[in-house]
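# Structural description and commentary
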Amino acid sequence: SIHKYSTATKSVSSIQVNNKEYPSDDYTNVTPKILSYLNKNLHLQTGHPLCIVRQRIVNYFYSSFTHGGNPTFSVYDNLSPIVSTKQNFDDLLIPLDHVSRVKSDCYYINNSLLLRAHMTAHQSELLRAGLDNFLMIGDVYRRDEIDSTHYPVFHQVDAVRSQRKEQLFQNHPGLEIFEKPFLDNPQSFQNSIIDPTKQSCHTLEATKLMENQLKTHLLSLVKVLFGDDIRHRWVEAYFPFTHPSWEMEIFYENKWMEVLGCGIIRNEILTNAGPNNSIAYAFGLGLERLVMALYKIPDIRLVWSTDSGFLTQFENKDLHSKIIYKPVSNYPQCTNDLSFWLPPAYTIDNFISNDFYDLVRDVGGDIIEQVKLKDKFVHPKTKKHSLCYSIVYRHLERTLTQAEVNRVHRKIEEAATESLGVTIR
Ligand code: FA5
Ligand code: MG
């Protein structure tokens, strides 16, 4: 809950998250609706599809990597989603002016704390604690578009696997992880990522071997989950914290769907956090996307369903049962358009659609299936700017009446008028 209180001398605003007060400021943009997702921990709810797939991924890493009979990887699936900007960005070399930091993309508690936007936010603290092979699993929060594969709260499995020279080059003694100029003078070596194939401090042999392991491990994970017939492709990618970097896409519903990002961890991160004689790969995968493809769940909102018609399809099943989600029923959708004039300070180019999407979700909740920008228009005479969005309404578990949709649509119009200052056309 957000409230203001004042003392005799000053007025302080604060916000309560998980029963703790935090000062709020002009960065604060978490909404009560978003805060209501904290502690739901679907990934730990026995019988939930996210929990089943989380367990299968953990099992894959436990059984594929052991030393002396013990699992090599340790698993962290209960870390607090409230993180600092240092954890979410600075520790990962994300520049101060990087787009991923903007208020319109993240849920900030205040200017120094936010709901983590990715599980990678915990990478440096765990490296600093001395860990070298670990999984981080949990809920992450992003202001994003609204459609069948995006939701503002979703779950990621992130991992770090690091190796020292002796392990990486077991079969090739004499090869090095680091280039000679770096080995000679690690303190003053300026690592660069100008060469697309590798970081300047790393040897090509070490980079290629790690790339090969990374891709092999992730592909066998995906095959363990989906079977050998799964179609996949690798796409070159960019992340500030890895180099080189890739994304994996799998073929689902006649489209390529991105399921994970990965790469070789920037050496600066490893040396800042402690280990300075190893090379490591990292990846982050979206649990919902895998769950949807695996069980043929057509819409990401279903993952949050508390309807027994949904949940019982997964409960009390063997981890490896082949489950094909059967729609409880296909209820009709209903599309209403909403057109408005922007307030004078805005143009169609600087209006923040994520503000509008958040508002639509706050008012409409889970009956919002999709919001699409339908039309942009600048009035030739008045030069006023106008946007038209189509809002697709569909209840997952019953038929909505037109009157019911119209009521919610009116409320969205009122809220947009009040909090965004737009004028409904
Ligand atoms: C990341 O979040 C990086 N931290 C991943 C990473 C980790 C790269 C370690 C390198 C090393 P990205 O923003 O692409 O990357 O998200 C990763 C995955 O989360 C995506 O591939 C997708 O599967 C899933 N995802 C992203 N946004 C959403 C969303 N709004 N709803 C559901 N799933 C999403
Ligand atoms: Mg991505």
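### Description of the confidence of the model for the protein
Reading fine detail from the predicted coordinates is not recommended where pLDDT is low. Overall, the predicted model of the protein reaches an average pLDDT of 93, with 97% of residues at or above 70. Low pLDDT, under 50, characterises residues 1-10; the predicted model gives this stretch 14 contacts beyond four residues in sequence or across chains. The ipTM, which scores confidence in the relative placement of chains, is 0.99 for this predicted complex, and the corresponding pTM is 0.84.

### Description of the coordination of the magnesium ion (ligand 2)
Binding of the magnesium ion (ligand 2) to the protein goes through Glu-247 (OE) and Glu-258 (OE), at separations of 2.4 to 2.7 Å. Of the two residues, Glu-247 sits in strand S13 (residues 242-252) while Glu-258 sits in strand S14 (residues 255-265), which places them 11 residues apart along the sequence.

### With respect to the sheet that holds strand S9 (residues 113-115)
Sheet architecture is open: 3 strands sit in the order S7-S9-S8, paired in antiparallel fashion. Edge positions in the sheet fall to strand S7 (82-84) and strand S8 (108-110), since each has one partner strand and no second. Adjacent strand axes in the sheet meet at a mean angle of 30°, parallel and antiparallel pairs treated alike. Relative to S9, S7 runs antiparallel, the two sharing 3 bridges.

### Quick word on unusual backbone geometry
Leaving glycine out, the prevailing phi sign among residues is negative, and the prevailing peptide bond configuration is trans. Note that the residue after His-243, namely Pro-244, is joined by a cis bond; omega there is -10°. Within the secondary structure, Pro-244 is located in strand S13. With a phi close to 65°, Asn-19 is a non-glycine residue in the positive phi region. Residue classification places Asn-19 among the exposed positions, given a relative accessible area of 71%. The backbone phi angle of Leu-93 is positive, close to 65°, even though this residue is not glycine. Relative to the elements of secondary structure, Leu-93 occurs in the loop between helix H3 (85-88) and S8.

### Some thoughts on the sheet that holds S13
Taken together, 7 strands build an open sheet; the order of strands is S6-S10-S11-S15-S14-S13-S12 and the sheet is mixed. Bordering the open sheet on either side are strand S6 (74-76) and strand S12 (232-239), each of which pairs with just one other strand. Taking the axes of each pair of neighbouring strands and ignoring which way they run, one obtains an average angle of 20° across the sheet. For S12 and S13, the ladder comprises 7 bridges, and the chain directions are antiparallel. The residue bridging Ala-237 from the neighbouring strand is Ser-245, located in S13. The strands touched by helix H7 (residues 204-226) are strand S11 (153-164), S12, S13, S14 and strand S15 (278-286); relative to S15, the strand with the most contacts, the crossing angle is about 30°. Against the sheet, helix H9 (residues 287-295) touches S11, S13, S14 and S15, its axis set at about 55° to S15.

### Considerations on the nonpolar core
Counting residues in hydrophobic clusters, the biggest one holds 76 residues, and the most contacted among them are Ile-57, Phe-61, Ile-109, Leu-115, Phe-283, Tyr-295 and Ile-297. The greatest single-element share of this core, amounting to 8 residues, is contributed by H7. Apart from the residues within four sequence positions on either side, Phe-283 is in contact with Phe-61, Val-157, Asp-158, Ala-159, Leu-214, Leu-218, Gly-261 and Cys-262. Ile-94, Leu-114, Leu-131 and Val-160 belong to the second largest nonpolar core, which has 26 residues in total.

What counts and how
- Residues numbered from 1 in each chain as written.
- Chains lettered and ligands numbered in written order.
- Predicted model: local features only at pLDDT ≥ 70, side-chain atom pairs only at ≥ 80, totals over all residues.
- Heavy atoms only, no water.
- pLDDT = per-residue confidence, 0-100.
- Contact = heavy atoms within 4.5 Å.
- Donors = N, O, S within 2.8 Å, 3.2 Å for Na, K, Ca; no water.
- Helix = DSSP H or I, 4+ residues; strand = E, 2+ residues; numbered from the N terminus.
- Pairing = 2+ DSSP bridges.
- Axes fitted to C-alpha atoms, helices over the stretch in contact; angles between N-to-C directions.
- Buried < 20%, exposed > 50% of the residue type's maximum accessible area, 1.4 Å probe, protein only.
- Core = buried A, V, L, I, M, F, W, Y, C linked by side-chain atoms within 4.5 Å.

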